[in-house]
Amino acid sequence: MSHRYFPHTQADIDAMLQRCGMGQMSDLYSDVPDELIMHGDYELPQEYSEKEVRDFFNALGAKNRQLTCFAGAGYYDHYAPSVVKSIISRSEFLTAYTPYQPEISQGTLQYIFEYQSMMSTLTGMEVSNASMYDGTTATAEAMLMAVAHSRKRNRVLVSATLNPATRKVVDTYARYHGVTVDEITQRDGCTDITDLQEKLEQGDVAGVIVATPNFYGILEDYSGWSELCHRHKALLIINCIPSDLGMIRTPGEWGADIAVGDAQSLGMPLSYGGPYLGFICTTKALIRKLPGRIVGATTDAEGQRVFVLTLQAREQHIRRDKATSNICSNQGLMALYTAAYLSVMGADGLREVCEKGVSGARYLAAAITATGKMELKYPDKPYMNEFVMKSHIDLDELMARCVAQGILPGVKIAPDEILIAVTEMCSRKDMDRLTEIIAGM
């Protein structure tokens, strides 16, 4: 198809292809399997008026079914006060760019500063960056921080109870940075500390990555883990769900060196996969290894409080071999979203969200168990609002029945296991409906 608004002439295109050592445009995609390539023209309509365009996309959006969501596995359906969307929809925020000139960027710098302050408080850490693409890449970047800090060590231990999606991204980063990733085995849904000790004794470990709550929703006890890691000159990295930190011990209280995760649980809509926000919070000792940027507060010549970019680690600003980040404006809006959500909810609101999820999870787990069709896989382990049920019925059939009735019952993590999450968005009526469907199987 022709592209009327592309400025390149055919001579320009031919010159670029020749420079790349290719004969035609299709050669650019020679490494893509043929079954993934679209053959033929796009099915684009003819010109529409503005109203017709709106009608078209409204009809397209109406095809999406809004299901009652009991799925979690790292991403959760939470409520956000309407004022949050109102704030981030303001044009000065939607169009904000990287605040290169502090004189005209005080608003942007201030909300980044507030975001960093809130995330540091929430995680119990000393400093926070602003910010990363998502929680998976933030965890991978934390791994690289540990390796850079150790200088001569390139081995990282990752708990088997870490979210598998996060583990895949960590493995990808490790592969192309020459980092060796070893897995710490699990025992009854928790990280095996004996295996951790044995692997640390082998030496050459730069960092240890664990999760709270872990992938199975279990709250693991990390008492003494920080001291254990530090005795072997390794950093402790804790991947956490920030909304849960309104109730449970923070990474800082566990003695972690780095806290990472995805801020999606702080009221961000699921939105079929994003955009979300990765965060990294750490100690002052590691601030120079931190990707992203740091905004600080100071005073101007007249003694007024002002905000500035204190630390910029992009290759654009410092020597490429010293850079730790290539991220610029892309996540600024989501940092604002998080700051707005936390400022409106406050500590009491965040705790109430946790309490509703915890009480709902206890109610639903007991109700499902009473049907005799499922049972808790880890009945003796503490959990927040997410838990694993071992099923005695066909989970694929259950999924189909639930979806037909407007419910997404959870995430199937094994042929006979389903991971179920409850948030404040799930009413008692919703939970009873899910239980009835399971009982009728």
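For the structure, check the block above.
Residues numbered from 1 in each chain as written. Predicted model: local features only at pLDDT ≥ 70, side-chain atom pairs only at ≥ 80, totals over all residues. Heavy atoms only, no water.

K.L.:
I keep staring at the packing of aromatic side chains and nothing clicks. Help me out?
P.N.:
Think of a pair of aromatic rings as described by two things: how far the centres are apart, and how the planes are tilted against each other in angle. Per the stated rule, a full pass over the model turns up 10 aromatic pairs. Note on Tyr 75 and Tyr 276: the rings are 5.3 Å apart at their centroids and 25° apart in plane angle, and the pair reads as stacked. Of this pair, Tyr 75 sits in the loop between strand 1 (68–69) and helix 3 (82–88) while Tyr 276 sits in the loop between strand 9 (258–262) and strand 10 (278–282), and the two are 201 residues apart along the sequence. Under the relative-accessibility criterion, Tyr 75 is labelled partly exposed at 29%. (Phe/Tyr/Trp six-rings, centres within 6.5 Å; stacked < 30°, edge-to-face > 60°. Helix = DSSP H or I, 4+ residues; strand = E, 2+ residues; numbered from the N terminus. Buried < 20%, exposed > 50% of the residue type's maximum accessible area, 1.4 Å probe, protein only.)

K.L.:
Please clarify how the side chain of Gln 264 should be interpreted in this entry.
P.N.:
Within the fold, Gln 264 resides in the loop between strand 9 and strand 10. The class of Gln 264 is buried, set by a relative accessible area of 0%. A distance of 2.7 Å separates a polar atom in the side chain of Gln 264 from the backbone oxygen of Tyr 76. One polar contact links the side chain of Gln 264 to the main-chain carbonyl oxygen of Met 268, over a distance of 2.9 Å. The contacts of Gln 264, once residues within four sequence positions are left out, are Gly 74, Tyr 75, Tyr 76, Pro 269, Leu 270 and Tyr 276. (Polar contact = N/O pair within 3.5 Å; in protein donor to acceptor, adjacent residues only side chain to side chain. Contact = heavy atoms within 4.5 Å.)

K.L.:
Which parts of the structure should I look at to understand the sheet that holds strand 13 (residues 374–376)?
P.N.:
Two orientations exist for strands paired in a sheet by backbone hydrogen bonds: parallel and antiparallel. The strand order across the open sheet built from 4 strands is 13-14-17-16, with neighbouring strands paired in antiparallel fashion. Of all strands in the sheet, those with a lone pairing partner are strand 13 and strand 16 (411–414), marking the two edges. With direction set aside, neighbouring strand axes in the sheet form an average angle of 35°. Pairing analysis gives 3 bridges linking strand 13 to strand 14 (residues 386–391), with the strands arranged antiparallel. Considered in strand 14, the bridge of Glu 375 is made with Lys 390. Contacts from helix 12 (residues 395–404) reach strand 13, strand 14, strand 16 and strand 17 (417–421) within the one sheet, and its direction differs from that of strand 16 by about 175°. (Pairing = 2+ DSSP bridges. Axes fitted to C-alpha atoms, helices over the stretch in contact; angles between N-to-C directions.)

K.L.:
Help me understand the pattern of salt bridges, please; the structure alone is not making it clear to me.
P.N.:
Once their charged atoms are close, side chains differing in charge can pair, the charge on each being opposite to the other. Evaluated as defined, the whole model comprises 15 salt bridges. A salt bridge links Lys 51 to Asp 55; its shortest N-O distance comes to 2.7 Å. Here Lys 51 pairs with Asp 55, and both are found in helix 2 (residues 50–61), just 4 residues apart, close to one helical turn. The class for Lys 51 is exposed, based on a relative accessible area of 56%. Three or more residues are tied together by salt bridges with common partners; here these are Arg 167, Asp 171 and Glu 183. (Salt bridge = Lys/Arg side-chain N within 4 Å of Asp/Glu carboxyl O.)

K.L.:
Honestly, the packing of helix 12 against helix 13 (residues 428–439) in this entry has me stumped. Any pointers?
P.N.:
Relative orientation and spacing of two packed helices are given, respectively, by the angle between their axes and the distance between those axes. Put simply, helix 12 and helix 13 touch, their axes get as near as 10 Å, and they point 135° apart. As summarised for this structure, helix 12 and helix 13 are arranged oblique, according to the angle between their axes. When the axes of helix 12 and helix 13 are compared, the crossing they make is right-handed. Between helix 12 and helix 13, the residues in contact are Leu 398, Arg 401 and Cys 402 and Leu 434, Ile 437 and Ile 438, respectively. Its residues placed into classes, the contact of helix 12 with helix 13 shows 5 nonpolar, no polar and 1 charged. (Parallel < 35°, antiparallel > 145°, perpendicular 65-115°, else oblique. Left-handed = near helix turned anticlockwise from the far one by under 90°. Nonpolar A, V, L, I, M, F, W, Y, C, P; charged D, E, K, R; others polar.)

K.L.:
Looking at this structure, I do not really get helix 12. What am I missing?
P.N.:
Counting along an α-helix, one turn takes 3.6 residues, and residues three or four places apart therefore face a common direction. If you check which residues of helix 12 are buried, you get Leu 395, Leu 398, Met 399 and Cys 402. Looking down the long axis of helix 12, one finds its buried residues gathered within 100° of arc, a one-sided arrangement. As for helix 12, its buried residues are in contact with strand 13, strand 14, strand 15 (407–408), strand 16, strand 17 and helix 13. Just downstream of helix 12 lies Gly 406, where phi reads positive at about 80°. (Arc of directions from axis to C-beta.)

K.L.:
Teacher, can you tell me more about unusual backbone geometry here?
P.N.:
Note: most residues except glycine have negative phi, and most peptide bonds are trans. In this structure, Ser 131 follows Ala 130 across a cis peptide bond, with omega equal to -10°. Turning to its location among the elements, Ser 131 is positioned in the loop between strand 2 (127–128) and helix 6 (135–150). In this structure, the amide linkage connecting Gly 274 to the following residue, Pro 275, adopts the cis form with an omega of 5°. Along the chain, Pro 275 falls in the loop between strand 9 and strand 10. The residue Lys 233 is not glycine, and still its phi comes out positive at about 60°.

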